[in-house]
Amino acid sequence: NLISENIPGYIPTIGLAGAGPWLKPSKEVEEKRIGRNRYPLIAGPDAPLPFVHSGLALEAMLKEEPYPLKCLYCAGANPVVNMQNAKKVWEAFLGLDLLVVTDFFMTPTAELADIVLPAATWLEMDYIGDFWKRHGYLLPRRKVVQIGECRSDHEMLNDLAHRVGQGEFW
């Protein structure tokens, strides 16, 4: 029952998604986040884990307002099935210039994708589950098997970050 402390230089997993100061976008980018003013608790600058409201993202894909969304990287999700109005989601995704999906299965969303990447299961990746850190422990996990060309989301996003000039954070 130890209370853990932050390790200097360690970026918690949640930080890789944009929570905290580690990967905070520039003020200019933050001000352009769709839904920032309408849904400040999820899209505003002080949101704990800021993201674009999915319904507003669909509108931007279809109507190109407030600006066009032309590509989507979809990891571990199946929006065509689990978002409301599947027909609207389908139409929005068909209008994208690039849809990349990483998943374990060929889902309806993956069927629409320009590129489908094989995702790694929990047995196929090294991982530290630090969401539980506030309870006084970490959950480290060692990779036990490699099947085909699958890669963890962290590996894929790390490579993407380097390719778009954000590698200094990773």
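Just so you know, these numbers come straight off a predicted model, no measurement behind them.

(A) Expanded view of helix 6 (residues 86–94). Among all positions of helix 6, only Val89, Ala92 and Phe93 are buried. In a view along the axis of helix 6, the buried residues occupy a sector of 95 degrees, so they form one face of it. For helix 6, exposure combined with an orientation more than 90 degrees from the buried face picks out Lys87 and Leu94. Tucked into the core, helix 6 has its buried residues touching helix 4 (54–63), strand 1 (71–75), helix 5 (79–82), strand 2 (98–103) and helix 7 (108–112).

(B) Representation of the pattern of salt bridges within the structure. Under the counting rule described, the total for this entry stands at 6 salt bridges. The shortest N-O distance in the salt bridge between lysine 27 and glutamate 31 comes to 3.6 Å. With lysine 27 and glutamate 31 both in helix 2 (residues 27–32), this residue pair falls 4 residues apart, about one helical turn. Among the ionic pairs, glutamate 59 bridges to lysine 88, the shortest N-O distance being 2.2 Å. Of this pair, glutamate 59 sits in helix 4 while lysine 88 sits in helix 6, placing them 29 residues apart in sequence. Salt bridges sharing partners connect three or more residues here, namely Glu59, Lys63 and Lys88.

What counts and how
- Residues numbered from 1 in each chain as written.
- Predicted model: local features only at pLDDT ≥ 70, side-chain atom pairs only at ≥ 80, totals over all residues.
- Heavy atoms only, no water.
- Buried < 20%, exposed > 50% of the residue type's maximum accessible area, 1.4 Å probe, protein only.
- Helix = DSSP H or I, 4+ residues; strand = E, 2+ residues; numbered from the N terminus.
- Arc of directions from axis to C-beta.
- Contact = heavy atoms within 4.5 Å.
- Salt bridge = Lys/Arg side-chain N within 4 Å of Asp/Glu carboxyl O.

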